[in-house]
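# Understanding the architecture of this molecule
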Amino acid sequence: MSAAQSQTTLLSKLEALQCHFTWDLDPSKTNFLRLRDMLMDIGTEEGNSWLGHIYNLRGFIQYKLGLTEDAQSFFNKAAEAFRQMRKADDGPWLAVNYGNLAWLHHHLGDQAESEAYLSKVEALMKKYPSPSQDELHAEIYAEKAWTLVKFSADIELVSDYFQKAFRMQPDMVEWNTSNIIGFSGFYDHCDTGMEADILEKMRVANEQDPENLLLAVYYLERRAKTGERVEDEARELAEKVLRNPVSSYNGMKALLRVYRHYVSIDEAVDLAEKALEQHPDVRYLKRCAALTLKWKVFHSSPPKQSMVDRAISLHDDVISLYPDCSFATKIDLASIYAKSNHTKADQMYQELLKSDLVPADKQLLYNHYAKYLKYEQQDQNKSLKYHMKAAAIPHQSYFRGNSIEVLRKVKNTRWTPMWREIQEFLENLQEP
């Protein structure tokens, strides 16, 4: 076999692997940086059943960011985490990891090492054959689902992978839990006739995985949405969350949302501050505290200056602690400044408008700036222009929908001479 044929054969084998390099995970650099920060906030406590998956994904992200040495280090940590969790030296749960290492060494030009990892994958597949020719191993389905959901993939496909994995290994309750949690946002858009079925799925998952506080919070929130009083149970959950290791997986942010809507914003602020007092150096908790102060500022009329100052201070801290993914926080900070310092707010918005942004971030910025222009600057026409800019970006999001809704109301009420321009704009607006 010639060198060219050998290289072609190697590449075809690599492309047949199930791993991060073959799962079509290719968002912008900005989104990789955000995802990296999100994974860092999950934490690396021993006993975290997703630790191997976290390290595998972090390794892939580091590779995508051009940090190949870091990538290899994380892939090695992933293998060790899987071995410790499974209390065994090998198993099908290493197939994705070995596939990642095969690809990494291929990209580094070390074909011998790449082939060595390909051989390890082949040996695993012989030792632990998949249930059928058309199905993957349960561990691969689970890791693929857990990974894809981080990239806003087809939620129904993700759910299908989790369900297949759980049916094959029903003792792995965390797979079903992750399916329920990953699907939670989708539930909000389901037919109200499905509410009883959704609640029952969450109840069963909660019974199967009672230690998972994030699931417990989601279940509590779902019950609250049906009209159930949950204040006392929310406070009990808060005590459990405060006792647990700090992690974005421990339910704190979701619980603060429950407090905001079903207990009180004041108690949400107090809970976030209490957690931050216990762990003053944890940036994730600072982010949670900043979020609650933002709610408080926006729901006070007018807000106390001391409250605004505290919110500004926390947001400044969060921006410095998340230097690569603080765009949304900067918009929040500009909105807070708008409550007491229009000059500073306008300065921040002008700096953000000059930034080199991906389309989704531009849309978010234009929508918020439009509201600032209307409510703080009373510049209705310029506000509508920015709503049009937001709507024109072909990216489906809440902010695009919100801007379109504002424009439709203007078209229907015709309260401004711009209504004809807006009507023509909406008629020619292309769907993403």
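Described below are features of the structure shown in this document.

Conventions adopted
- Residues numbered from 1 in each chain as written.
- Predicted model: local features only at pLDDT ≥ 70, side-chain atom pairs only at ≥ 80, totals over all residues.
- Heavy atoms only, no water.
- Salt bridge = Lys/Arg side-chain N within 4 Å of Asp/Glu carboxyl O.
- Helix = DSSP H or I, 4+ residues; strand = E, 2+ residues; numbered from the N terminus.
- Expected span 1.5 Å × (residues − 1).
- Buried < 20%, exposed > 50% of the residue type's maximum accessible area, 1.4 Å probe, protein only.
- Disulfide = S-S within 2.5 Å.
- Contact = heavy atoms within 4.5 Å.
- Polar contact = N/O pair within 3.5 Å; in protein donor to acceptor, adjacent residues only side chain to side chain.
- Phe/Tyr/Trp six-rings, centres within 6.5 Å; stacked < 30°, edge-to-face > 60°.
- Lys NZ or Arg CZ within 6 Å of the ring centre and 35° of its normal.

### Some details on the pattern of salt bridges
- Inspection of the entire model under this criterion finds 26 salt bridges.
- Where K127 meets D90, a salt bridge forms, and the shortest distance between an N and an O atom there is 3.2 Å. With K127 in helix α6 (residues 111-127) and D90 in the loop between α4 (68-86) and α5 (95-107), this residue pair connects regions lying 37 residues apart in the sequence.
- Residues R235 and D232 are paired through a salt bridge, measuring 3.3 Å at the closest nitrogen-oxygen approach.

### Observations concerning helix α3 (residues 51-64)
- Given a rise of 1.5 Å per residue, 14 residues ought to cover 20 Å, and the 20 Å separating the end C-alpha atoms of α3 matches this to within 8%.
- With 13 of 14 residues buried, α3 is to be regarded as a mostly interior element.
- A positive phi of about 85° marks G66, the residue just after α3.

### Quick notes on unusual backbone geometry
- Residue P302 is reached from S301 by a cis peptide bond, and omega for that bond is -10°.
- Looking at where P302 falls in the secondary structure, it is placed in the loop between α15 (283-298) and α16 (305-321).
- Positive phi, close to 65°, is recorded for D24, a residue that is not glycine.
- Note on placement: D24 falls in the loop between α1 (3-15) and α2 (29-42).
- At K87, a position not held by glycine, the phi torsion is positive, near 55°.
- Among the residues examined, K87 registers a relative accessible area of 75% and is labelled exposed.

### With respect to the state of the cysteines
- Tallied over the entire structure, the rule returns zero disulfides.
- Of all cysteine sulfurs, the one in C288 lies closest to C325, which takes part in no disulfide; the gap is 14 Å.
- Look at C325 and you get buried, because its relative accessible area is 10%.

### Describing the side chain of S114
- With respect to the element layout, S114 can be found in helix α6.
- In contact with S114, not counting residues within four places along its chain, are L10, L14, A102, H105 and H106.

### Concerning helix α11 (residues 213-225)
- If you check α11, its first and last C-alpha atoms are 18 Å apart, about what 13 residues at 1.5 Å a residue would give, namely 18 Å.
- The buried count for α11 comes to twelve of 13 residues, which makes it a mostly enclosed element.
- Three or more residues of α11 are buried, namely L213, L214, L215, A216, V217, Y218, Y219, L220, E221, R222, R223 and A224.
- Capping the start of α11 is the job of one residue whose side-chain oxygen sits 3.2 Å from the backbone nitrogen of L214: N212.
- A positive backbone phi angle near 105° is found at G227, which sits one or two residues after α11.

### Some remarks on the packing of aromatic side chains
- A complete count under the given rule lists 18 aromatic pairs for this structure.
- On the basis of an interplanar angle of 15° and a centroid distance of 5.9 Å, the ring pair of W50 and W146 is categorised as stacked. Highlighted residues: W50 in the loop between α2 and α3 and W146 in helix α7 (residues 138-148), separated in sequence by 96 residues. Each member of the pair, W50 together with W146, is buried.
- Each residue in the set F21, F32, F60, Y63, F75, W103 and F151 is aromatic and connected to the rest through ring pairs, giving one cluster.
- Sitting over the face of the ring of Y98, K120 holds its NZ or CZ atom 5.3 Å from the ring centroid.
- Sitting above the plane of the Y219 ring, R223 keeps its charged end 5.1 Å from the centroid.

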